[in-house]
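Residue-level structural notes
Take a look at the letters that make up each chain.
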Amino acid sequence: MQDLLRSGWDVAALGIFAVAWLAYEPLLRVLAGGRHVINADMVIVRRAWMAQMVARPQMRLLDSQLVGHAINTASFFASSNLILIAGAAGVLFGGEGAYRKIEDVPLLSQGEPMLFGIKLALVAVTLARGLLDFIWAIRQMNYCAAVIGAAPRDAPEAVMTAYGEAAAAVLTPALSASNAGVRGYYFALAAAAWLFGPTAFICVTLGAVGLLAWRQAFSPAARAVRKVRALLESEAGQPPSAAPAPEPPPAA
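Each chain has its residues counted from 1, following the order in which its sequence is written. Selection of residues for local features in this predicted model requires a pLDDT of at least 70, selection of side-chain atom pairs for listing and counting requires 80 or more, and totals for whole chains, interfaces and linings are taken over all residues. As a rule here, side-chain values come from all non-hydrogen atoms in the structure, and water together with hydrogens is ignored.

1. Re the packing of aromatic side chains
What counts is decided by this rule: Stacked, edge-to-face and tilted are the three classes for Phe, Tyr and Trp ring pairs, Trp counted by its six-membered ring, which pair at centre distances within 6.5 Å; planes under 30 degrees apart are stacked, over 60 edge-to-face, the rest tilted. Each helix is a run of H or I in the DSSP string that is no shorter than four residues. Each strand is a run of E no shorter than two, and both are numbered from the N terminus. Only protein chains enter the accessibility calculation, which uses a 1.4 Å probe; a residue is then buried when its area is under 20% of its type maximum, exposed when over 50%, and partly exposed in between.
Scanning the entire structure with this criterion turns up nine aromatic pairs. Summarising the aromatic geometry, the rings of Phe17 and Phe201 are spaced 5.3 Å apart at their centres and angled 35 degrees between planes, so their arrangement reads as tilted. Taken as a pair, Phe17 in helix α1 (residues 2–32) and Phe201 in helix α7 (residues 198–217) lie far apart in primary sequence, 184 residues in all. Like Phe201, Phe17 is buried. Measuring from centroid to centroid gives 5.6 Å for Phe77 and Phe134, while their planes differ by 10 degrees, and the two rings are stacked. With a gap of 57 residues between them, Phe77 in helix α3 (residues 60–92) and Phe134 in helix α5 (residues 113–149) connect regions that are remote in the sequence. Overall, Phe77 belongs to the partly exposed group, its relative accessible area being 25%. Residue classification places Phe134 among the buried positions, given a relative accessible area of 0%. A network of ring pairs unites the aromatic residues Phe17, Trp21, Tyr24, Phe187, Trp194 and Phe201 as a single cluster.

Printed below as a string of C-alpha coordinates:
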(Lines give C-alpha, C1' and ligand atoms only; values in the text may rest on other atoms or scores of the structure.)
Protein backbone atom coordinates (compact mmCIF):
# COMPACT_ATOMS: atom_id res chain seq x y z
CA MET A 1 0.00 0.00 0.00
CA GLN A 2 2.83 2.37 0.85
CA ASP A 3 4.54 1.66 -2.46
CA LEU A 4 1.26 2.23 -4.30
CA LEU A 5 0.69 5.55 -2.52
CA ARG A 6 4.22 6.66 -3.29
CA SER A 7 3.75 5.77 -6.97
CA GLY A 8 0.50 7.77 -7.03
CA TRP A 9 2.29 10.84 -5.69
CA ASP A 10 5.04 10.38 -8.26
CA VAL A 11 2.51 10.25 -11.10
CA ALA A 12 0.71 13.35 -9.76
CA ALA A 13 3.99 15.23 -9.42
CA LEU A 14 5.01 14.28 -12.96
CA GLY A 15 1.64 15.47 -14.26
CA ILE A 16 2.02 18.84 -12.54
CA PHE A 17 5.51 19.21 -13.98
CA ALA A 18 4.33 18.31 -17.50
CA VAL A 19 1.52 20.88 -17.36
CA ALA A 20 3.83 23.59 -15.99
CA TRP A 21 6.60 22.83 -18.48
CA LEU A 22 4.43 22.59 -21.57
CA ALA A 23 1.85 25.25 -20.67
CA TYR A 24 4.27 27.96 -19.56
CA GLU A 25 5.08 29.19 -23.07
CA PRO A 26 1.45 29.36 -24.34
CA LEU A 27 0.41 31.07 -21.11
CA LEU A 28 3.19 33.63 -21.47
CA ARG A 29 2.06 34.32 -25.03
CA VAL A 30 -1.39 35.18 -23.66
CA LEU A 31 0.10 37.42 -21.00
CA ALA A 32 2.35 39.07 -23.60
CA GLY A 33 -0.78 40.28 -25.35
CA GLY A 34 -1.39 42.42 -22.27
CA ARG A 35 2.03 44.06 -22.68
CA HIS A 36 2.96 43.60 -19.05
CA VAL A 37 5.85 41.17 -19.45
CA ILE A 38 9.45 41.59 -20.54
CA ASN A 39 8.91 39.58 -23.73
CA ALA A 40 6.36 42.00 -25.17
CA ASP A 41 8.33 45.08 -24.13
CA MET A 42 11.57 43.74 -25.57
CA VAL A 43 9.93 43.41 -29.00
CA ILE A 44 9.62 47.20 -29.06
CA VAL A 45 13.17 47.67 -27.77
CA ARG A 46 14.58 45.40 -30.49
CA ARG A 47 12.59 47.20 -33.15
CA ALA A 48 14.09 50.48 -31.94
CA TRP A 49 17.56 48.89 -32.00
CA MET A 50 17.21 47.72 -35.59
CA ALA A 51 15.73 51.08 -36.60
CA GLN A 52 18.83 52.75 -35.18
CA MET A 53 21.01 50.18 -36.94
CA VAL A 54 19.74 51.13 -40.39
CA ALA A 55 19.86 54.84 -39.54
CA ARG A 56 23.57 54.88 -38.57
CA PRO A 57 25.55 52.78 -41.08
CA GLN A 58 28.86 53.94 -39.63
CA MET A 59 28.06 52.11 -36.36
CA ARG A 60 26.92 48.75 -37.73
CA LEU A 61 30.12 47.07 -36.62
CA LEU A 62 28.96 47.66 -33.04
CA ASP A 63 25.59 46.07 -33.82
CA SER A 64 27.26 42.99 -35.28
CA GLN A 65 29.51 42.76 -32.22
CA LEU A 66 26.47 42.82 -29.94
CA VAL A 67 24.90 39.99 -31.93
CA GLY A 68 28.22 38.13 -31.77
CA HIS A 69 28.22 38.48 -27.99
CA ALA A 70 24.75 36.93 -27.88
CA ILE A 71 26.00 34.07 -30.06
CA ASN A 72 28.93 33.44 -27.70
CA THR A 73 26.58 33.40 -24.71
CA ALA A 74 24.23 30.91 -26.36
CA SER A 75 27.21 28.77 -27.38
CA PHE A 76 28.47 28.70 -23.79
CA PHE A 77 25.10 27.53 -22.49
CA ALA A 78 24.81 24.95 -25.27
CA SER A 79 28.20 23.51 -24.30
CA SER A 80 27.12 23.39 -20.65
CA ASN A 81 23.95 21.57 -21.66
CA LEU A 82 25.97 18.94 -23.49
CA ILE A 83 28.12 18.30 -20.41
CA LEU A 84 25.08 18.01 -18.14
CA ILE A 85 23.27 15.72 -20.59
CA ALA A 86 26.35 13.51 -20.82
CA GLY A 87 26.53 13.31 -17.03
CA ALA A 88 22.87 12.39 -16.67
CA ALA A 89 23.11 9.86 -19.50
CA GLY A 90 26.21 8.31 -17.94
CA VAL A 91 24.34 7.59 -14.73
CA LEU A 92 21.18 6.61 -16.59
CA PHE A 93 22.95 3.97 -18.68
CA GLY A 94 25.17 2.85 -15.82
CA GLY A 95 22.61 0.20 -14.93
CA GLU A 96 22.25 -1.41 -11.52
CA GLY A 97 25.82 -0.51 -10.60
CA ALA A 98 25.13 3.22 -10.89
CA TYR A 99 21.91 2.83 -8.91
CA ARG A 100 23.61 0.96 -6.09
CA LYS A 101 26.29 3.62 -5.80
CA ILE A 102 23.80 6.38 -5.02
CA GLU A 103 20.90 4.56 -3.37
CA ASP A 104 22.41 5.18 0.06
CA VAL A 105 22.95 8.90 -0.53
CA PRO A 106 21.18 10.84 2.25
CA LEU A 107 17.95 12.69 1.34
CA LEU A 108 17.50 10.88 -1.97
CA SER A 109 14.09 9.28 -2.31
CA GLN A 110 14.25 5.50 -2.38
CA GLY A 111 12.41 3.67 -5.12
CA GLU A 112 12.65 1.10 -7.86
CA PRO A 113 15.60 1.31 -10.27
CA MET A 114 13.15 1.83 -13.13
CA LEU A 115 11.61 4.87 -11.43
CA PHE A 116 15.08 6.21 -10.75
CA GLY A 117 15.88 5.84 -14.45
CA ILE A 118 12.72 7.72 -15.39
CA LYS A 119 13.72 10.59 -13.11
CA LEU A 120 17.15 10.87 -14.69
CA ALA A 121 15.65 10.56 -18.17
CA LEU A 122 13.34 13.51 -17.41
CA VAL A 123 16.33 15.64 -16.44
CA ALA A 124 18.12 14.65 -19.65
CA VAL A 125 15.06 15.34 -21.82
CA THR A 126 14.55 18.76 -20.24
CA LEU A 127 18.18 19.67 -20.86
CA ALA A 128 18.00 18.29 -24.41
CA ARG A 129 15.07 20.53 -25.25
CA GLY A 130 17.06 23.49 -23.95
CA LEU A 131 20.02 22.42 -26.08
CA LEU A 132 17.85 22.39 -29.19
CA ASP A 133 16.62 25.89 -28.30
CA PHE A 134 20.20 27.14 -28.01
CA ILE A 135 21.20 25.53 -31.32
CA TRP A 136 18.26 27.16 -33.09
CA ALA A 137 19.04 30.49 -31.42
CA ILE A 138 22.64 30.37 -32.64
CA ARG A 139 21.54 29.67 -36.20
CA GLN A 140 19.02 32.52 -36.16
CA MET A 141 21.53 34.95 -34.68
CA ASN A 142 23.93 34.09 -37.50
CA TYR A 143 21.13 34.95 -39.91
CA CYS A 144 20.69 38.25 -38.08
CA ALA A 145 24.41 39.02 -38.40
CA ALA A 146 24.07 38.52 -42.17
CA VAL A 147 21.01 40.79 -42.20
CA ILE A 148 22.97 43.54 -40.45
CA GLY A 149 25.84 43.12 -42.90
CA ALA A 150 23.46 43.39 -45.85
CA ALA A 151 21.69 46.53 -44.58
CA PRO A 152 21.58 49.24 -47.28
CA ARG A 153 23.52 52.45 -46.75
CA ASP A 154 21.56 54.78 -48.98
CA ALA A 155 17.93 54.00 -49.68
CA PRO A 156 14.56 55.75 -49.46
CA GLU A 157 13.28 56.24 -45.94
CA ALA A 158 10.41 53.83 -46.48
CA VAL A 159 12.86 51.11 -47.52
CA MET A 160 15.11 51.76 -44.51
CA THR A 161 12.14 51.62 -42.15
CA ALA A 162 10.87 48.38 -43.65
CA TYR A 163 14.37 46.90 -43.49
CA GLY A 164 14.65 47.74 -39.80
CA GLU A 165 11.31 46.04 -39.12
CA ALA A 166 12.42 42.96 -41.06
CA ALA A 167 15.73 42.83 -39.18
CA ALA A 168 13.89 43.03 -35.87
CA ALA A 169 11.66 40.16 -37.02
CA VAL A 170 14.80 38.05 -37.44
CA LEU A 171 16.42 39.16 -34.18
CA THR A 172 13.46 38.73 -31.84
CA PRO A 173 12.83 34.97 -32.35
CA ALA A 174 16.59 34.35 -32.18
CA LEU A 175 16.96 35.93 -28.76
CA SER A 176 13.64 34.44 -27.63
CA ALA A 177 14.93 30.95 -28.48
CA SER A 178 18.06 31.65 -26.43
CA ASN A 179 15.90 32.75 -23.52
CA ALA A 180 13.83 29.58 -23.87
CA GLY A 181 17.03 27.56 -23.56
CA VAL A 182 17.95 29.39 -20.36
CA ARG A 183 14.45 28.76 -19.04
CA GLY A 184 15.11 25.06 -19.56
CA TYR A 185 17.57 25.17 -16.67
CA TYR A 186 14.76 26.13 -14.30
CA PHE A 187 12.73 23.10 -15.31
CA ALA A 188 15.80 20.85 -15.32
CA LEU A 189 16.39 21.81 -11.68
CA ALA A 190 12.74 21.05 -10.97
CA ALA A 191 13.10 17.66 -12.67
CA ALA A 192 16.24 16.95 -10.62
CA ALA A 193 14.26 17.69 -7.45
CA TRP A 194 12.21 14.55 -8.19
CA LEU A 195 15.22 12.57 -6.98
CA PHE A 196 14.36 13.86 -3.50
CA GLY A 197 10.75 12.72 -3.71
CA PRO A 198 7.45 13.84 -5.24
CA THR A 199 6.83 16.54 -2.63
CA ALA A 200 10.13 18.24 -3.43
CA PHE A 201 9.38 17.80 -7.13
CA ILE A 202 6.03 19.60 -6.86
CA CYS A 203 7.38 22.39 -4.66
CA VAL A 204 10.38 23.13 -6.87
CA THR A 205 8.26 22.98 -10.05
CA LEU A 206 5.75 25.49 -8.70
CA GLY A 207 8.59 27.59 -7.32
CA ALA A 208 10.34 27.66 -10.73
CA VAL A 209 7.15 28.75 -12.49
CA GLY A 210 6.50 31.40 -9.87
CA LEU A 211 10.04 32.72 -10.11
CA LEU A 212 9.89 32.87 -13.91
CA ALA A 213 6.53 34.67 -13.82
CA TRP A 214 7.80 37.16 -11.23
CA ARG A 215 10.90 37.92 -13.26
CA GLN A 216 8.82 38.42 -16.39
CA ALA A 217 6.26 40.80 -14.90
CA PHE A 218 7.28 42.17 -11.51
CA SER A 219 11.07 42.14 -11.20
CA PRO A 220 13.09 45.38 -11.23
CA ALA A 221 14.33 44.42 -14.70
CA ALA A 222 10.74 44.04 -15.94
CA ARG A 223 9.77 47.45 -14.57
CA ALA A 224 12.88 49.05 -16.08
CA VAL A 225 12.31 47.52 -19.51
CA ARG A 226 8.68 48.63 -19.34
CA LYS A 227 9.87 52.18 -18.69
CA VAL A 228 12.34 51.99 -21.58
CA ARG A 229 9.53 50.90 -23.87
CA ALA A 230 7.37 53.81 -22.73
CA LEU A 231 10.21 56.25 -23.40
CA LEU A 232 10.84 54.83 -26.87
CA GLU A 233 7.16 55.06 -27.76
CA SER A 234 6.98 58.57 -26.38
CA GLU A 235 10.02 59.63 -28.41
CA ALA A 236 8.41 58.19 -31.51
CA GLY A 237 5.33 60.29 -30.86
CA GLN A 238 3.23 57.28 -29.99
CA PRO A 239 1.69 57.48 -26.51
CA PRO A 240 2.10 54.16 -24.67
CA SER A 241 -1.63 53.97 -24.01
CA ALA A 242 -2.36 54.24 -27.72
CA ALA A 243 0.43 52.00 -28.95
CA PRO A 244 -0.75 48.83 -30.71
CA ALA A 245 0.16 45.67 -28.90
CA PRO A 246 2.82 43.71 -30.79
CA GLU A 247 2.32 40.14 -31.87
CA PRO A 248 3.06 37.84 -28.92
CA PRO A 249 6.68 36.77 -29.31
CA PRO A 250 8.02 33.30 -28.56
CA ALA A 251 8.32 32.81 -24.80
CA ALA A 252 11.60 33.81 -23.20
